[in-house]
Amino acid sequence: MDREELSRLLRQLVEEETGDPCPELEPEMDLRVSLNMDSMDLVSLLFRIENRLKVKLSSEQFAEVATVSQLLDLLQQLTADCPQAQAA
């Protein structure tokens, strides 16, 4: 998946998680502050990402992610390394 597809998917998953419309994602946006997500929301988002893309993110990888750009970088790496990764 390319970065634009991942960004659209991430926006969709954030909307599913929060139940609110997600603003247009900007690379520098902080996941917690800008998207108004608490720790439980982020953990749930992690599971949604794993299920949708059929990838596995370690808690260490996810703990290093603070911004939209960092998360998209990680997802691009994981989907490139995992040929069966796909959006369902």
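Residues numbered from 1 in each chain as written. Predicted model: local features only at pLDDT ≥ 70, side-chain atom pairs only at ≥ 80, totals over all residues. Heavy atoms only, no water.

Draft legend 1. Focus on the overall build of the chain. Each helix and strand counted, the chain has four helices and zero strands in total. Helices and strands appear in the chain in the N-to-C order α-α-α-α. On C-alpha atoms alone, the chain measures out to a radius of gyration of 12 Å, which is about the 12 Å that the 2.2 N^0.38 rule sets for 88 residues. Each principal axis of the C-alpha atoms in the chain carries an extent, and together these give about 30 × 25 × 20 Å. Within the chain, counting contacts between residues at least 6 apart in sequence, those at least 24 apart form 60% of the total. When the accessible area of the chain is evaluated, it comes to approximately 5,100 Å², of which 48% is carbon and sulfur surface. (Helix = DSSP H or I, 4+ residues; strand = E, 2+ residues; numbered from the N terminus. Rg over C-alpha atoms; globule rule 2.2 N^0.38 Å. Contact = heavy atoms within 4.5 Å. Areas by Shrake-Rupley, 256 points an atom, 1.4 Å probe, with all protein chains shown as cover.)

Draft legend 2. Fine view of the side chain of D41. Along the chain, the position of D41 falls in helix α2 (residues 39-53). There is no salt bridge for the buried D41, and the closest opposite charge comes from R48, which lies 8.4 Å off by N-O distance. In this view, D41 contacts E17 and N36; residues no more than four positions away in its chain are not counted. (Buried < 20%, exposed > 50% of the residue type's maximum accessible area, 1.4 Å probe, protein only. Lys, Arg positive; Asp, Glu negative; His and termini not counted. Salt bridge = Lys/Arg side-chain N within 4 Å of Asp/Glu carboxyl O.)

Draft legend 3. View of unusual backbone geometry. Of note, the phi angle at N36 is positive, near 55°, even though the residue is not glycine. Residue class for N36 comes out exposed when judged on its relative accessible area of 64%. In this structure, K54 is a non-glycine residue whose phi angle is positive, near 60°. Under the relative-accessibility criterion, K54 is labelled partly exposed at 47%.

Draft legend 4. Highlighting the nonpolar core. Counting residues in hydrophobic clusters, the biggest one holds 27 residues, and the most contacted among them are L10, L35, L45, I49, L57, V68 and L71. Among the elements of the structure, α1 (3-18), α2 and α4 (68-81) are those that each provide at least two residues to this core. Non-local contacts of L35, meaning those with residues more than four positions away in its chain, are made with V14, C22, P23, L25, M29, D30 and V68. (Core = buried A, V, L, I, M, F, W, Y, C linked by side-chain atoms within 4.5 Å.)

Note that all results are geometric; they support no functional claim without further evidence.
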